[in-house]
Amino acid sequence: MPQIFALADVNAMYCACESVFDPRLRGRAVVVASNNDGCAVARNQQAKALGVKMGQPIFELKDLMENHGLVVCSSNYALYGDMSFRFMQVLAECAPRVIPYSIDEAFMDLTGINTVVSFEDFGVQVKAKVAQWTGLPICVGISTSPTLSKLANHGAKKYPATKGVVDLTDRDRQRKLLSLVPVSEIWGIGSRISKRLEELGIKNGLQLADADPKWIRKHFSVVVERTVRELNGIPCHDDLLEVGAAKKQILTSKSFGTPVTQLATMLAAVTTHATRAAEKLRGERREAGFLSVFMSTSRYADGERYANQQGLTLPFPTADTREIVRHAVKLARTLWRDGYRYNKAGIMLSDFREPGACQSDFFNPIEDTDRAKGLMSTLDRINSISGKGSVKFGREFHKDRSWQMRRGNLSPAYTTRWADIPVVKC
DNA sequence: TCTGGGGTCCTAGGACCC
DNA sequence: TCTGGGGTCCTAGGACCC
């Protein structure tokens, strides 16, 4: 029995989440901005029709906001994260195996399900259930490899006649749709590779599917070769389908609300990022062996650009916020140069191990003892019960808060904060 | 004035070893 | 004087994704 994959994906997820709780947005052009209200990261159908581009700076949208009714929302990740969780739960009710792939999409293993219900009917039912239980509009694509189910989903979005569900298990239908799709639309083929493919005469999906995998490997890489095989219905994404695959790195970084020119402010920001990264690391139940810190000035600013990063192998693997902050601050001091207007900083943790997999250094001042671990888990528990940041480290209290995010048009945390739950008045 | 953040995988090249 | 070839590990950087 051939393996069958479905991809369910929320249409313009962030915009949809905003619209679910704010009826005034329905029917209007809506854009959700990145952190700092910097650029557009999600746009609904109406916003696309107005010509808003993915990644377009918000300041360029002023005219559309003033004269064409475009609404710009600040990003509200507490809301999107919670809605994503609900969406995944509905999928889990429908299919035996669900593999979340990103905040707004998940693969489902439908192998053999057509002995009970046709693939298309299955898709229609999932779509209806997600709409009923979460209010989110989705599309479903079904086919014989993850890449083809992505293609099917693309078709479901693009052609309204499909009503948002495409069963692409039939080989002739696959070839038909492939021939209509530019090669740059195929999952895994980005702008660089599609440009080179086009130069070699491969312009649409079907031409790529019919290319010789060996030749592709020689001219490109094993990644593109796998895509070719996937387009022929041979699943090659076993990596993707591993449930609960462990993370390999954790990165926290943000551009600043306003440029940073003082070392103390920078250290406060780095401390906050390091604290956040350590929390994520403990959430993964891992310890990190390597840490790196980076800072830079804006790509777009006039004058000399400064961008630098430095890494450090930790004396012993740890998930202790105090250790991680201490080393991060040390690195940040060595990276710092006076006289620049920094617009971004961040920290990356990697080289993960299981806790206790490595002997800690006997002579180190802060041993990863049970006491230290107890302290960290108590800290995490307090912050999870009483709200993020209830207990903080000293340097985070630096008086200059200007580096923090700008979110001028933030919606309420409708689903994750008691005070923000919508009230229906009769 | 204002241009995101967080990930993955693969490859090439250098250092080092035998 | 002559100075190989194969393996591993690490890191930086490229390309992709949402």
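Reading guide: rules and limits
- Residues numbered from 1 in each chain as written.
- Chains lettered and ligands numbered in written order.
- Predicted model: local features only at pLDDT ≥ 70, side-chain atom pairs only at ≥ 80, totals over all residues.
- Heavy atoms only, no water.
- Near = heavy atom within 4 Å.
- Polar contact = N/O pair within 3.5 Å; in protein donor to acceptor, adjacent residues only side chain to side chain.
- 1 Å grid on protein atoms, 1.4 Å probe; cavity = no way out; pocket = protein on both sides within 12 Å on 5 of 7 lines; lining within 4 Å.
- Points joined across faces, edges and corners; volume = space filled by probe spheres on them.
- Helix = DSSP H or I, 4+ residues; strand = E, 2+ residues; numbered from the N terminus.
- Nonpolar A, V, L, I, M, F, W, Y, C, P; charged D, E, K, R; others polar.
- Domains from an automatic or database assignment.
- Phe/Tyr/Trp six-rings, centres within 6.5 Å; stacked < 30°, edge-to-face > 60°.
- Buried < 20%, exposed > 50% of the residue type's maximum accessible area, 1.4 Å probe, protein only.
- Contact = heavy atoms within 4.5 Å.
- Pairing = 2+ DSSP bridges.
- Axes fitted to C-alpha atoms, helices over the stretch in contact; angles between N-to-C directions.
- UniProt positions renumbered as here; feature names shortened; annotations may be inferred.

**Remarks on the protein's contact with DNA strand B**
With respect to spatial proximity, 23 residues lie near DNA strand B, and among them Asn35, Arg226, Leu251, Ser253 and Ser255 are the closest. Within 4 Å of the protein, the contacting atoms of DNA strand B are 72% sugar and phosphate, with bases supplying the remainder. In the environment of DNA strand B, a phosphate oxygen lies 3.2 Å from a nitrogen or oxygen atom belonging to the side chain of Lys247. Between DNA strand B and Leu251, the relevant distance is 2.5 Å, taken from a phosphate oxygen to a main-chain nitrogen or oxygen of the residue.

**Observations concerning the layout of surface pockets**
Looking at the largest pocket, its volume works out to about 1900 Å³. In terms of lining, the largest pocket is formed by 42 residues, of which the most central are Lys254, Arg276, Glu279, Lys388 and Met405. Among the elements of the structure, α4 (77-94), β9 (249-260), α13 (263-283) and α15 (370-386) are those that each provide at least two residues to the lining of the largest pocket. Its residues assigned to classes, the lining of the largest pocket comprises 12 nonpolar, 16 polar and 14 charged. Mapping the lining of the largest pocket onto the domain boundaries places at least three of its residues in each of domain 2 (13-78) and domain 3 (249-357 + 385-397). In this structure, the second largest pocket spans a volume of roughly 1300 Å³. Around the second largest pocket sit 46 residues that line it, and Asp9, Asn11, Ala12, Lys48 and Lys157 are the ones nearest its centre. Looking at the lining of the second largest pocket, the element that brings in the most residues is helix α6 (residues 146-158), giving 8 residues. In terms of residue class, the lining of the second largest pocket is built from 22 nonpolar, 11 polar and 13 charged. Counting contributing residues, the lining of the second largest pocket receives three or more from each of domain 1 (5-9 + 84-240) and domain 2 (13-78).

**As for the packing of aromatic side chains**
Per the counting criterion, the structure on display carries 12 aromatic pairs. For the pair Tyr14 and Tyr77, a centre-to-centre distance of 5.6 Å together with 85° between the ring planes defines the contact as edge-to-face. Of the two residues, Tyr14 sits in helix α1 (residues 13-21) while Tyr77 sits in helix α4, which places them 63 residues apart along the sequence. Tyr14 sits in the buried class, given a relative accessible area of 15%. Considering the side-chain rings of Tyr101 and Trp187, the 5.7 Å spacing of their centres and the 85° angle between planes classify their relative orientation as edge-to-face. Of the two residues, Tyr101 is situated in strand β5 (residues 97-102) and Trp187 in the loop between α7 (171-180) and α8 (191-199); the sequence distance between them amounts to 86 residues. By way of ring pairs, the aromatic residues Tyr306, Trp336, Tyr340 and Tyr342 are connected into one cluster.

**A closer look at α1**
The buried count for α1 comes to 7 of 9 residues, which makes it a mostly enclosed element. All of the buried residues along α1 are Met13, Tyr14, Cys15, Ala16, Cys17, Glu18 and Ser19.

**A closer look at the side chain of Asp9**
Tracing the backbone shows Asp9 in strand β1 (residues 5-10). At a separation of 2.6 Å, a polar atom in the side chain of Asp9 contacts the side chain of Lys157. Discounting chain neighbours no more than four positions away, the residues touching Asp9 are Phe87, Asp104, Glu105, Pro137, Ile138, Cys139, Asn153 and Lys157.

**Quick notes on the protein's contact with DNA strand C**
In the region of DNA strand C, 13 residues are neighbours, and Ser102, Lys150, Gly188, Arg192 and Ile193 sit closest. Within 4 Å of the protein, the atoms of DNA strand C are drawn from sugar and phosphate moieties in a proportion of 100%. Here a phosphate oxygen of DNA strand C sits 3.3 Å away from a polar atom, N or O, in the main chain of Ile189. Here Gly190 contributes a backbone N or O atom positioned 3.2 Å from a phosphate oxygen of DNA strand C. Listed by contribution, the elements that provide at least two residues to the surface near DNA strand C are β5 and α8. Here the residues of the surface near DNA strand C are counted per class, giving 5 nonpolar, 4 polar and 4 charged.

**Looking at the sheet that holds β5**
Ordered in space as β5-β6-β1-β7-β8, the 5 strands form an open sheet in which the pairing is mixed. Of all the strands in the sheet, just β5 and β8 (165-167) have a single pairing partner and so form its edges. The average undirected angle you get between the axes of adjacent strands in this sheet is 15°. Those strands touched by α4 are β1, β5, β6 (105-109) and β7 (138-143), and its axis lies near 10° from that of β6.

**Overview of the UniProt feature "domain: UmuC" (unreviewed entry) in chain A**
In the numbering used here, UniProt assigns the "domain: UmuC" (unreviewed entry) feature to residues 5-190. Note that residues 5-190 is 41% helix and 20% strand, and that its end C-alpha atoms are spaced 22 Å apart.

**Looking at the pairing of strand β3 (residues 40-43)**
As judged from the 3 bridges shared by strand β2 (residues 30-33) and β3, these two strands associate in the antiparallel manner. Counterpart to Ala33 in the pairing with β3 is Ala40. In this structure, the hairpin formed by β2 and β3 is closed by a connection of 6 residues, where Asn36 is found at a positive phi of approximately 65°.

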